[in-house]
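# Fold and geometry: a report
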Amino acid sequence: MSPAERKKFRSRMWLYRRRRKDLTTEQQAELDELLETIPALQLAYFFREEVAEIFDTAKDREEASRQLEELRELLADQPDLLKFFALYDRWREGILAYLDRRETSGPVEGINTKARVITRRSYGLKNTDSLWKRLVLDINHFGSVARRSVADLHDLARSVQARFRAYYI
């Protein structure tokens, strides 16, 4: 690719990362052009769309499991995509648990990431209270964009702090 083509390609990759239903008509046309230009991306893109649709529309674990098995049968000749099903088989219960309450571990993962970043930024801190104050400040900002209230996050963080306090003394 020429430098201009590479720049155009990179500018369209964000379309590839979005769900088709969230794109405007012109963005969908750009995505279609990208997928026509690089046909190898088509299968992966539509596979991801199909899996996301299953998790958006399945009423329960059984329905999602059945739809995923049907998708597996359709893709039996695609070894790269069958790697997904190997991962799915290994973590089936955890993956399907999403359908019980339609909740993810995203908020907890976000707090864990914040804690790791703060710990790295706070290298050499000996006092757990200073580390804790930094975590609470970051979580308070996180509370403005999270579904759970700041009070819920504080309760969760207090329980995590109580559980791991012995490691920081």
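Preceding block: the structure.
Now for a quick tour of the structure. (Residues numbered from 1 in each chain as written. Predicted model: local features only at pLDDT ≥ 70, side-chain atom pairs only at ≥ 80, totals over all residues. Heavy atoms only, no water.)

### A short note on the overall build of the protein
The cut-off we apply is this: In DSSP terms, a helix is any run of H or I states spanning at least four residues, a strand is any run of E spanning at least two, and both are numbered starting from the N terminus. All accessible-area figures derive from a Shrake-Rupley calculation using a 1.4 Å probe, and residue coverage is judged against the displayed protein chains alone.
Each helix and strand counted, the protein has ten helices and zero strands in total. Of the accessible surface of the protein, which amounts to about 12100 Å², a share of 55% is contributed by carbon and sulfur atoms.

### What about the nonpolar core?
Stated formally: Buried Ala, Val, Leu, Ile, Met, Phe, Trp, Tyr and Cys residues that are joined via side-chain atoms within 4.5 Å together make up what is termed a nonpolar core. We call a residue buried when its accessible area falls under 20% of the maximum for its residue type, exposed when it is over 50%, and partly exposed in between, using a 1.4 Å probe and counting protein chains only. The contact criterion used throughout is that any non-hydrogen atoms of two residues lie within 4.5 Å.
Counting residues in each nonpolar core, the largest one holds 14 residues, and the members touching the most others are Phe47, Leu68, Leu71 and Phe85. Contributing elements (two or more residues each) for this core: helix H3 (40-57), helix H4 (61-74) and helix H5 (79-90). Residues in contact with phenylalanine 85, not counting those within four places in the same chain, are Phe47, Leu68, Leu71, Arg72 and Leu75.

### A closer look at the pattern of salt bridges
So the rule is basically this: Salt-bridge detection follows one rule: a side-chain nitrogen of Lys or Arg within 4 Å of a carboxyl oxygen of Asp or Glu.
Within this structure, the stated rule accounts for 19 salt bridges. The salt bridge partner of lysine 21 is aspartate 56, with a shortest N-O separation of 3.4 Å. Of this pair, lysine 21 sits in the loop between helix H1 (3-16) and helix H2 (25-37) while aspartate 56 is found in helix H3, placing the two residues 35 residues apart along the sequence. Here aspartate 56 falls in the partly exposed class, since its relative accessible area comes to 38%. Between arginine 92 and aspartate 89 there is a salt bridge whose closest N-O contact spans 2.9 Å. By relative accessible area, which is 36% here, aspartate 89 ends up partly exposed. Here the salt bridges do not stand alone but share partners, grouping Arg19, Lys21, Arg48, Glu49, Glu53 and Asp56 into one network.

### So, the packing of aromatic side chains
Formally: Classification of ring pairs uses Phe, Tyr and Trp, with its six-membered ring standing for Trp, and accepts pairs whose centres are within 6.5 Å; under 30 degrees between planes counts as stacked, over 60 as edge-to-face, and the remaining range as tilted.
Summed over all chains, the structure comprises eight aromatic pairs. An angle of 75 degrees between the planes, with centres 5.3 Å apart, marks the rings of phenylalanine 47 and phenylalanine 84 as edge-to-face. Of the two residues, phenylalanine 47 sits in helix H3 while phenylalanine 84 sits in helix H5, which places them 37 residues apart along the sequence. Its relative accessible area of 24% is what places phenylalanine 84 among the partly exposed residues. With 6.0 Å between their ring centres and 70 degrees between their planes, phenylalanine 47 and phenylalanine 85 make a pair best called edge-to-face. One end of the pair, phenylalanine 47, is in helix H3; the other, phenylalanine 85, is in helix H5, and 38 residues separate them in sequence. For the pair shown, phenylalanine 47 and phenylalanine 85 are each scored as buried. An aromatic cluster is built from Phe47, Phe84, Phe85 and Tyr88, whose rings are joined through pairwise contacts.

### As for the environment of alanine 64
Along the polypeptide, alanine 64 turns up in helix H4. Judged by relative accessible area, alanine 64 falls into the buried class, the value being 0%. Leave out the neighbours within four places in its chain, and alanine 64 touches Ile54, Ala58, Leu96 and Leu99.

### Quick notes on H2
We count it as follows: Each residue after the first adds 1.5 Å to the expected span of a helix. Regarding the arc, it is the one traced by the directions from the helix axis to the C-beta atoms.
With 13 residues, H2 should cover 18 Å at 1.5 Å per step; its first-to-last C-alpha distance of 18 Å lies within 8% of that length. Turning to H2, its buried residues number three or more, namely Gln27, Leu31, Leu34 and Leu35. Projected down its long axis, H2 shows its buried positions confined to an angular sector of 95 degrees, all on one face. The exposed residues of H2 that point more than 90 degrees off its buried face are Thr25, Glu26, Glu36 and Thr37.

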